[in-house]
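# Examining the three-dimensional arrangement
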Amino acid sequence: MKTVLILGGTTEARLLAAKLAARGDLDITLSLAGRTEKPVEQPVPVRTGGFGGAQGLADWLAGHKTDLLIDATHPYAARISANAAEAARISRVPILALRRPGWEPVEGDRWTLVDDAEQAVGALREKPRRVFLALGRQEVAAFENAPRHAYIIRSVDPIEPPLGVSDATYILARGPFAEADERVLLTKHRIDVIVAKNSGGQATYGKIAAARELGIEVILFRRPQLPDVPSAPSVAALVAMVDHFAAPAEKRGV
Ligand code: NAP
């Protein structure tokens, strides 16, 4: 049996783990950072917590005689992706990555691109606005620097401590989010502007499509640079790459 480590924390990582487990000839472990309090159930054994940098991950790969490393982390989880590429190099374990393409603007989108939360705060400008923050817990703290705005904040886990602003509404929810529901939410809360990451995929695109329809501005974080490793844009394409990897040498033409 070949041994595979999937770096996860995304829906795709879970779907990929299920697809690969169904083959029956791979010993798969899924790794989570441990950020989410109640992570959804996974179809394969899970290990949780950081490895201690690239060297720590390389040691883990060697210690567990790993045959293949798959980086299926979130497109904005740049540090673990860099560590994965470096660990693969150190340990000489092959690496594949799932690189979900970002969304591209279409006619009617009103996007303002920023590099990080500080820039997003600046892009809200002076006039008080009603802001929908569709961001992780780690990024919302920066918005305390602009307490004149009203915030509607959606996150998987509660924002603790709450934001130090006078007008904040919290919504706990886990995607996927349908476009029609997003339209209702944006209208109900009279949202002027959305702040979000360009996550790509369908699960969180609903708010982007709804914003376009309602003429709402979207402040989008630019994608971080990720290391250049063999990659696929979808779960199906990555499964095909793993099929090739796991095939007997003669079938691969080796
Ligand atoms: P990050 O900044 O790239 O990683 C920070 C550190 O967290 C890494 O150096 C590593 O610690 C640890 N880590 C991250 N992912 C890990 C994993 N899958 N397994 C074990 N350790 C991991 O990542 P992040 O932005 O904090 O994201 C953490 C996790 O949440 C990722 O698994 C990602 O897929 C998921 N996620 C992130 C976002 C986002 O917007 N950033 C959104 C949805 C889900 P060591 O150096 O000690 O190994």
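Residues numbered from 1 in each chain as written. Predicted model: local features only at pLDDT ≥ 70, side-chain atom pairs only at ≥ 80, totals over all residues. Heavy atoms only, no water.

## Details of the overall build of the chain
Selection criterion: Only DSSP runs of H or I reaching four residues or more are called helices, and only runs of E reaching two or more are called strands; each is numbered from the N terminus. We compute the radius of gyration over the C-alpha atoms and compare it with the globule rule, which gives 2.2 Å times the number of residues raised to the power 0.38. Accessibility here uses a 1.4 Å probe with only protein chains present; expressed as a share of the type maximum, an area under 20% marks a residue as buried, one over 50% as exposed, and anything in between as partly exposed.
Helix and strand counts for the chain stand at 8 helices and 12 strands. Taken over C-alpha atoms, the radius of gyration comes to 20 Å for the chain, in line with the 18 Å a tight globule of 254 residues would show. Summarising its shape, the C-alpha atoms of the chain cover approximately 65 × 35 × 30 Å along the three principal directions. Every one of the 254 residues in the chain was classed for burial, and the buried ones make up 47%.

## Quick look at the site of the ligand
Threshold: The rule for a residue being near a molecule or strand is that one of its heavy atoms must lie within 4 Å of it. Any pair of N or O atoms that falls within 3.5 Å is considered a polar contact. Within protein, one atom must be able to donate a hydrogen and the other to accept it, and sequence-neighbouring residues count only if both atoms are side-chain atoms. Areas reported here follow the Shrake-Rupley algorithm with a probe of radius 1.4 Å; residue values treat only the protein chains shown as occluding. Throughout, the ten residues Ala, Val, Leu, Ile, Met, Phe, Trp, Tyr, Cys and Pro are labelled nonpolar, Asp, Glu, Lys and Arg are labelled charged, and all others, Gly among them, are labelled polar.
Within the structure, the ligand sits among 23 residues, and Gly8, Ser31, Phe51, His74 and Lys197 are positioned closest to it. A distance of 3.4 Å separates an oxygen atom of the ligand from a polar atom in the backbone of alanine 78. Between the ligand and isoleucine 80, the relevant distance is 2.8 Å, taken from an oxygen atom to a main-chain nitrogen or oxygen of the residue. With the chains in place, 81% of the 810 Å² that the ligand exposes on its own is no longer accessible. When residues of the shell around the ligand are traced back to their parent elements, those giving at least two are β2 (26-32) and α3 (78-91). Among the elements that line the shell around the ligand, the one with the most residues is α3, at 4 residues. When its residues are assigned to classes, the shell around the ligand shows 7 nonpolar, 12 polar and 4 charged.

## Considering helix α7 (residues 206-214)
Definition in use: Any two residues having at least one pair of non-hydrogen atoms within 4.5 Å are treated as being in contact.
Listing the buried residues of α7 in full gives Gly206, Lys207, Ile208, Ala209, Ala210 and Ala211. Taken together, the buried residues of α7 touch β6 (111-114), β7 (130-134), β8 (150-155), α6 (179-188), β10 (193-197) and β11 (217-221). Among the residues trailing α7, glycine 215 stands out with phi positive, at a value near 70°.

## Looking at the packing of helix α1 (residues 11-23) against helix α8 (residues 235-246)
Cut-off, in case you're wondering: Here the axes come from fitting lines to C-alpha atoms, over the contacting stretch only for helices, and the angles between their N-to-C directions go from 0 to 180 degrees. For any helix crossing, the convention is left-handed if the near helix is rotated counterclockwise from the far helix by under a right angle, and right-handed if that rotation is clockwise.
Closest axis-to-axis distance for the α1/α8 pair is 10 Å, and the angle between their directions is 35°. You can see that α1 and α8 cross each other, and the crossing is right-handed. Of α8, the residues touching α1 (which contributes Glu12, Leu15, Leu16, Lys19, Leu20 and Arg23) are Val235, Leu238, Val239, Val242, Asp243 and Ala246. Grouping the constituent residues of the contact of α1 with α8 by class yields 8 nonpolar, no polar and 4 charged.

## Brief notes about unusual backbone geometry
Geometrically, the link from glutamate 160 to proline 161 is a cis peptide bond, its omega value of -5° lying close to zero. By secondary structure assignment, the location of proline 161 is in the loop between β8 and β9 (168-172). In this chain, glycine 175 is followed by proline 176 through a cis amide linkage whose omega measures 5°. By secondary structure assignment, the location of proline 176 is in the loop between β9 and α6. One non-glycine residue, arginine 125, adopts positive backbone phi at about 60°. Relative to the assigned elements, arginine 125 resides in the loop between α4 (117-123) and β7. If you check the backbone angles, arginine 190 has positive phi at about 50° while not being a glycine.

## Observations concerning empty space enclosed by the protein
If you roll a probe as big as a water molecule over the atoms, it shows you where there is empty space left. The criterion, for reference: Any residue with an atom within 4 Å of a point lines the site, the site being either a cavity, points on a 1 Å grid over the protein atoms alone where a 1.4 Å probe fits but cannot get out, or a pocket, an open set with protein on both sides within 12 Å along at least 5 of 7 lines. Grid points are joined across faces, edges and corners, and a volume is the space filled by probe spheres set on the points.
By the definition in use, this model includes 1 cavity of 30 Å³ or more. Estimates place the volume of the largest cavity at around 40 Å³. Lining the largest cavity are Thr10, Glu12, Ala72, Thr73, Pro75, Leu98 and Arg100. Of the residues that constitute the lining of the largest cavity, the class distribution is 3 nonpolar, 2 polar and 2 charged.

## Brief notes about the packing of aromatic side chains
Counted only if it meets this: Aromatic rings from Phe, Tyr and Trp, taking only the six-membered ring of Trp, are treated as a pair when their centres fall within 6.5 Å; an angle between ring planes under 30 degrees marks them as stacked, one over 60 as edge-to-face, and anything in between as tilted. Should the NZ of a Lys or the CZ of an Arg lie within 6 Å of a ring centre and within 35 degrees of the ring normal, that charge is described as sitting over the ring.
As enumerated under the stated definition, the model contains 3 aromatic pairs in all. Between phenylalanine 143 and tyrosine 151, the ring centres sit 5.9 Å apart and the planes meet at 70°, which makes this aromatic pair edge-to-face. Residue classification places tyrosine 151 among the buried positions, given a relative accessible area of 0%. Against the face of phenylalanine 51 rests arginine 47, its NZ or CZ located 3.9 Å from the ring centre.

## Re the pairing of β2
Filter applied, for reference: When DSSP locates at least two bridges between a pair of strands, those strands are taken to pair. By convention, orient the strands away from the viewer: a clockwise path from the first strand over the helix to the second makes the crossover right-handed.
The element β2 is largely enclosed, with a buried count of 6 among its 7 residues. With 6 bridges joining them, strand β1 (residues 2-7) and β2 adopt parallel strand pairing. Residue pairing in the sheet places threonine 3 in a bridge with aspartate 27 of β2. Each parallel crossover has a hand, and the one from β1 via α1 to β2 is right-handed.

## Focus on the pattern of salt bridges
Short version of the rule: Each salt bridge in this description consists of a side-chain nitrogen of Lys or Arg and a carboxyl oxygen of Asp or Glu lying within 4 Å of one another.
Tallying each qualifying case throughout the model produces 15 salt bridges. A salt bridge links aspartate 243 to arginine 23; the nearest nitrogen and oxygen atoms lie 2.4 Å apart. Of the two residues, aspartate 243 is situated in helix α8 and arginine 23 in helix α1; the sequence distance between them amounts to 220 residues. Owing to a relative accessible area of 29%, arginine 23 belongs among the partly exposed residues under this scheme. Between glutamate 139 and lysine 197 there is a salt bridge; the shortest N-O distance is 2.6 Å. A residue pair is termed long-range when its members are at least 10 positions apart, and glutamate 139 in helix α5 (residues 137-140) and lysine 197 in strand β10 qualify at 58 residues. Owing to a relative accessible area of 15%, lysine 197 belongs among the buried residues under this scheme. When salt bridges with common partners are traced through the structure, they connect Arg23, Asp25 and Asp243 into a single cluster.

Taken by themselves, the reported measurements are silent on function.
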